[in-house]
Amino acid sequence: MGEGMQNSRVAGRSAIRFRFRGREVELAAFAPRTTLLDWLRIDQGATGTKEGCAEGDCGACTIVLVRRRGGEVSFAPVNACILLLGQVDGAEIVTVEDLAEGTILHPVQEAMVEAHASQCGFCTPGIVMSLFALHESASVPPARDTIRDQLAGNLCRCTGYRPIVEAAERAGTRAGASPRWWGCDDAGGDLFVGRDEQFFAAPDSIETLAALLVKHPDATLVSGATDVGLWITKGLQDIRKIVWLGRVAGLDAVSDEDGSLKLGAGVTLADALPLLREIHPDLGEVMRRFGSVQVRASGTVGGNLANGSPIGDLAPCLIALGATLELRHGGVTRTLPLEDFFVAYRKQDRRAGEFVTSVTIPKLAASDQFRAYKVTKRLDEDISAVLAAFRFEVVDGRIGRARIAYGGMAGIPARARSAEGFILGARLEDEKSWRGGLTALALDFTPLDDQRASAAYRSLVARNLLKKALMEMRGAPALDLRIAAPRPLSQAASPS
Amino acid sequence: MRPDSPDEALAVVRKPLAHDSARLHVKGAATYIDDIREPAGTLHVAPGLSPVARGRILSVDLSAVREAHGVVAVLSAADIPGKNDVAPAYGDDPLFAVDEVIFHGQVVFAVVAETRDAARRAARLAKIDVEAVEPAVDFDAAIARGVTVLPDYEFGRGDAAQAVRASPKRLSGRFEIGGQEHFYLEGQVALAIPGEAGDLLVHSSTQDPTEVQHVVARVLGCPDSHITVETRRMGGGFGGKESQANQTAALAALAARVTGRPCKLRLDRDDDFIITGKRHEFRADWSVGFDEKGVVSAYDVQLDARCGCSADLSTGVVDRAMFHAANSYYLQDVAIRSRRLRTDTVSNTAFRGFGGPQGMLAIERVMDAIAHETGRDPLDVRKANLYAPGRDLTPYGMKVEETDTLPALIDSLEATSDYRARRAAIAAHNEGHPVIRRGIALTPVQFGISFTLVHMNQAGALVHVYQDGSIHLNHGGTEMGQGLFIKVAQVVAEEFGVPIDWVRITPTNTAKVPNTSPTAASSGSDLNGMAARIAASAIRERMAQVAAQMWGLPVDGVTFREGRVFGGNESISFRDLARRARESRVQLSEAGFYKTPRLDWDRATKTGRPFLYFAYGAACSEVAVDTMTGEMRVTRVDILHDVGRSLNPAIDIGQIEGGFVQGMGWLTTEELVFDAKGRLRTHAPSTYKIPVASDVPDDFRVALFDNANREDTIYRSKAVGEPPLMLGISVFSAIVDALHGLAPGRQVPLDAPATPERILFAAEALRG
């Protein structure tokens, strides 16, 4: 992570290159919107990988991308249904058919059989691949909570999961036959497959990216494709010009200085998780519950912010922390407070050809208190009904500066400026002094009814979460106010 | 057939063998219909859906659809050679809408194209103009309109309303119960391959190949004999592929008939949600009379079901809700009344439990209400009302003969779950914790086994022994993950005394075993296991006679075990005996047939016996509830369940665990949201939330209750498919218990599913 490409400049390439079934494959002609799953099932007749939902929510299509970077081999489980074929450039694709050697099953497969962990079997290939990624990455037997985190993006309708978790435990670190997946190196160079009217491009430097976007301001920017994938599979959009950001050197840079964490737009949510957890355990918990392992392996910080979804979880957390966003157009960069980037529902302050380069997140000072809560119908892998984040400067039990941000309460992630104003000067010990802030939330938001929650529920929860934050800052033990405490550091899933 | 051998003599039955496809599942080598290598020239079908819920069709302009890239044909009702009807019974589910649409997403036309992508894109180019009418979506609108899909029905005993009024204590209330999407991981899919002279082979992901065969023949206007339906396996069914597989199969078949080419339809997940039926929503208006100890003297309940736009299977579904409206409790004076309401929404259908869970949940809700009113422990109220000798007549008049099992099972679970001590600990915790409240509940299940439509309780099997001793097994049951195929194979292997892998399991096929019933009502092993055993037993008898003659011994001295056949001091391998039998011109093939005994329910006179026996179980669940947000976690579950003498304990445990979790999902996170225009807003896993791994408690203890079936079922086992789903009711009751602590003595205003929103508003109401 963060190293970027060190190769000397390679001339542009017009074909993607990856490994599949033990061979190197070059593809120079494919529709830019082709998904990896369609390529596997339709073009290759590789039907072991299943389509369950075509929106990255059920995990039946999970495959593993093995990448080699600077001597390190990483195993990323991803949803093939919403991954674009071009995104496998520089990776080895490992599918469920690759795991067994003849009649000898991989330890994960063997344990799945022993534990009676398949019934109808349709989710099984995806589950095997998620557990395979965990198995190949783990050096110690995984804890049950780690296994459950790993499986949050794999739906099973038959078993009730207990035997699947048992299978992962049984497989533990049991050694398999000799590994036959080596990963693949990025071949370097700018990648441009197609022609000016229809292409899949993956520039390898920020300069060529900027130039390409000036030339094609109408191109669709793709980072992890965890949302764009759905525009294709569900919206049936005929996207013809795609610029993938996954190979841009330096776009996944991380720096940590002057009390700020700077995350490049291309940092995956998986890589951001431990960094954000260091800022505050609540941020780690929000990120643990963000999408699934598959979504976090593909999705990026920049993608989640630039997408502008009113229910993205990262934006309200980072707005409360006071983050600033950096954008670039051609050779020109600018920065703005993150909250100002969100203009209206699905409309951001980003002009054609401009792209997000990084977000800078101020860390907490000793006098700062922070809390974040994600409220959903289902605890894991669910989009927030309400996400609330609070950063208060507390001096002598009194609230000085206050930043409050919510997701799910308006068409955009937004600050609760009235509540921020009214909570100033409130004393943690004096519940009556909270009242102004609690009441003022009604001035800040007029939420909507939708399938996730009613407006009335959202309003009440928004208020209760502010109250809960104040109760916790006053000193209530977390377990008195929460049904699930943030996961201890050692147990959280952290794919390599 | 011979009587059962004692358990210790059984070599294959009762063994925890792995699912027969387990190794294929984990290798991605199990073939589902979309994985079948497509014959050259296969075309793909996509449905075109109604944009509104109800109205008169003014025009359907398909010109842009026809002209779209890759389109080969566009189908509508005019292309149907037979009847425009895919309904299971009542003729009210058209394949394509004509003149009017009756729910949002109803299929109006279909596109046939060179690729699935081209078909889906073309389908969106239609211009469908409908004169929209305000749809009736919810209970109140349906009742106000007063239209039902089927006549009202009721049964009972005595004058329940009068008896409630005369009771020392009374309660009444209204309780709403949400529906449920099946969310089988493999969506609806069919591949139709034309043969010569009008033959058609249809690969269908269906629980009822016979019905698909019959419906396809009806749509194509040909005899059933021209259509063969094959089903190797489904990627989940849960009732959602009983009648609901018909339309997908009929669309593929019609496309194949019109184009003369193989045609496949695999529904997109969102379309699958929108087009196919779900578990019925119910509303229960109840009143109950009882004494100070909570013993019920009278129960009067109106069960209203939201059936959707057509009858489908609503006769049986709502009847089963009524049959289970008493669960395991004796209700002296009782009235169970039902209405099958028509709404302008997708037609609701079978779903694991088939209405039973809804009827059962209502009475369990009432048990909690009685406990809260009397101040007694809900478990004590439940125990006081269980069927017992002399208090053993169900509301429909069938006598419960096995009254001793459930009290013993509950007592055992009460002890092993440490219910009383944990209740005390929870009360102590809740004293000091106003925000996070805990709750516990132990609830029973008594589920009637048999199709309540008597004629459906039949099954066939086809067994061949080949000259090399290998065995071919086929039967009318379908495999949807429940382990039916391995169980039936175990029965056949036991009969022949051979290892399990000598028995070749083959796809369900209407050409091999005809006129079958759907694999439903938990009856798969009971029916098909018995039919297969009858077939295998007949072949075995004939083979035994060959051996007896060969050795000059009486036939009853011949035994089959460990792949050999023994008699006196002689023995021969099973394989050699098969060869000898063939050479002796002895038939080594047999079609077995079984029909369930003792069933004589008469719906018109409301008399007789609808069930052969009952399956029992109980679950104890503990939860924690956040009363500031409504979030909920299940922290421990203990289950004790009665599967009779298990055919395969590993498979049965899998059914119990999976059923419980599915029931828990139904009552907690799984919420179907229809908007005012009748559009389903939760039509994909992003918006419809079934349980994930972290929703299942780490502390999850499941055990089988040792209890041989008193009826002569296959190896004295009991059905297991549906009953465990209702163990999930314990989670709902535990949430009610947690909330009740906020205001003891008051009734908890909580409907199902208990989403965070409903939990929070219930807590607010109790505190307010």
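Predicted model only: the values in this text are computed from it and were never measured.

A separate point is the overall build of chain B. Assigned secondary structure in chain B consists of 19 helices and 27 strands. Relative to a compact globule of 768 residues, whose C-alpha radius of gyration would be 27 Å, chain B shows 27 Å and is just as compact. Projecting the C-alpha coordinates of chain B onto the three principal axes gives extents of approximately 85 × 75 × 50 Å. Taking all 768 residues of chain B together, the buried fraction comes to 63%.

Our next topic: the overall build of chain A. When helices and strands are tallied, chain A shows 17 helices and 20 strands. Here the C-alpha radius of gyration of chain A, 23 Å, is about what a compact globule of 496 residues would show, namely 23 Å. Expressed along its principal axes, the backbone C-alpha trace of chain A runs to roughly 70 × 55 × 40 Å. Taking all 496 residues of chain A together, 58% fall into the buried category.

If you check the domain split of chain B, you get domain 1 (7-31 + 458-595), domain 2 (41-134 + 182-275) and domain 3 (281-452 + 603-767). When the residues that make up the side of domain 1 of chain B that touches domain 2 of chain B are grouped by side-chain class, the tally is 6 nonpolar, 10 polar and 1 charged.

Before going further, it helps to spend a moment on the sheet that holds strand β19 (residues 503-505) of chain B. Residues and elements named next belong to chain B. The strand order across the open sheet formed by 4 strands is β19-β18-β17-β24, and the pairing between neighbours is mixed. Of all strands in the sheet, those bounded by a partner on one side alone are β19 and β24 (589-595). Sheet twist, expressed as the mean angle between neighbouring strand axes with direction ignored, is 25°. Those strands touched by helix α14 (residues 484-496) are β17 (458-465), β18 (471-475) and β19, and its axis lies near 135° from that of β18.

Among the residues of helix α8 (residues 269-279) of chain A, those classed as buried are L269(A), A270(A), D271(A), A272(A), L273(A), L276(A) and R277(A). Of the surrounding secondary structure, the elements contacted by the buried residues of α8(A) are β11 (260-264), α9 (281-288), α10 (293-298) and α11 (301-307) of chain A.

One frequent convention defines the size of an interface as the accessible area lost when the parts assemble. All names here are of chain A. Annotation of chain A at the domain level lists domain 1 (16-96 + 182-244), domain 2 (105-171) and domain 3 (251-487). If you average the C-alpha positions of domain 1 and of domain 3, the two centres end up 30 Å apart. At the interface, 20 residues of domain 1 touch 20 residues of domain 3. Within the residue set of the side of domain 1 that touches domain 3, elements represented by two or more residues are β4 (72-79) and α6 (206-215). A breakdown of the residues in the side of domain 1 that touches domain 3 according to their chemical character gives 11 nonpolar, 7 polar and 2 charged.

The periodicity of an α-helix, 3.6 residues per turn, causes residues three or four positions apart to be oriented the same way. Residue and element names in this part refer to chain B. For helix α3 (residues 116-123), the tally of buried residues reaches 7 of 8 residues, placing the bulk of the element in the interior. Among the residues of α3, R116, D117, A118, A119, R121, A122 and A123 are the ones counted as buried. The secondary structure elements touched by the buried residues of α3 are β1 (43-49), α2 (63-67), β3 (71-75) and β5 (107-113).

With that settled, the discussion passes to the confidence of the model for chain A. Residue and element names in this part refer to chain A. When pLDDT is averaged across chain A, the result is 93; 95% of the residues are at 70 or more. For the stretch residues 1-9, pLDDT sits under 50, and the model shows 15 contacts to residues farther than four places along the chain or on other chains. Confidence over residues 489-496 falls short of pLDDT 50; this stretch has 22 contacts with residues more than four positions distant or in other chains.

With that settled, consider the sheet that holds strand β13 (residues 281-290) of chain B. Residue and element names in this part refer to chain B. Pairing is mixed in the open sheet, where 5 strands are placed in the order β7-β15-β14-β13-β8. Only two strands of the sheet have a single neighbouring strand rather than two, namely β7 (148-157) and β8 (169-177). Each strand of the sheet is rotated relative to its neighbour by a mean of 5°, with strand direction disregarded. The sheet contact formed by strand β14 (residues 296-308) and strand β15 (residues 333-342) spans 10 bridges and is parallel.

Another point: the packing of helix α2 (residues 107-114) of chain A against helix α5 (residues 162-171) of chain A. Any two packed helices are characterised by the angle at which their axes cross and by the distance between the axes. All names here are of chain A. Between α2 and α5, the shortest axis-to-axis distance is 8 Å and the interhelical angle comes to 135°. Taken as axis vectors, α2 and α5 run oblique relative to one another. Here the hand of the crossing between α2 and α5 comes out right-handed. Here α2 contributes P107, V108, A111, M112 and E114 to the contact with α5, which in turn contributes A167, R170 and A171. Per-class residue counts for the contact of α2 with α5 are 6 nonpolar, no polar and 2 charged.

Let us look at the interface of chain B and chain A. Listed as interface residues are 68 residues of chain B and, on the opposing side, 65 residues of chain A. Of all the secondary-structure elements, those providing two or more residues to the side of chain B that touches chain A are α1 (22-27), α3, α8 (269-275), β25 (613-626), α17 (649-667) and α19 (756-767) of chain B. At 7 residues, the largest contribution of residues to the side of chain B that touches chain A is made by α17(B). Tallied by class, residues from the side of chain B that touches chain A come to 28 nonpolar, 19 polar and 21 charged.

All right, on to the pairing of strand β12 (residues 324-329) of chain A then. Residue and element names in this part refer to chain A. Strand direction decides the pairing type here: β12 and strand β13 (residues 332-337), joined by 6 bridges, are antiparallel. Across the sheet, the residue bridging to H329 is V332, located in β13. Connecting β12 to the next strand, β13, in antiparallel fashion are 2 residues, including G330 with a positive phi near 55°. Here 5 bridges tie β12 to strand β16 (residues 355-362), and the two strands are oriented antiparallel to one another. Looking at β16, one finds that L327 is bridged to V356.

Cut-offs and rules
Residues numbered from 1 in each chain as written. Chains lettered and ligands numbered in written order. Predicted model: local features only at pLDDT ≥ 70, side-chain atom pairs only at ≥ 80, totals over all residues. Helix = DSSP H or I, 4+ residues; strand = E, 2+ residues; numbered from the N terminus. Rg over C-alpha atoms; globule rule 2.2 N^0.38 Å. Buried ≥ 20, exposed ≤ 12 C-beta atoms within 10 Å, placed from the backbone. Domains from an automatic or database assignment. Nonpolar A, V, L, I, M, F, W, Y, C, P; charged D, E, K, R; others polar. Pairing = 2+ DSSP bridges. Axes fitted to C-alpha atoms, helices over the stretch in contact; angles between N-to-C directions. Contact = placed C-beta atoms within 7 Å. pLDDT = per-residue confidence, 0-100. Parallel < 35°, antiparallel > 145°, perpendicular 65-115°, else oblique. Left-handed = near helix turned anticlockwise from the far one by under 90°.

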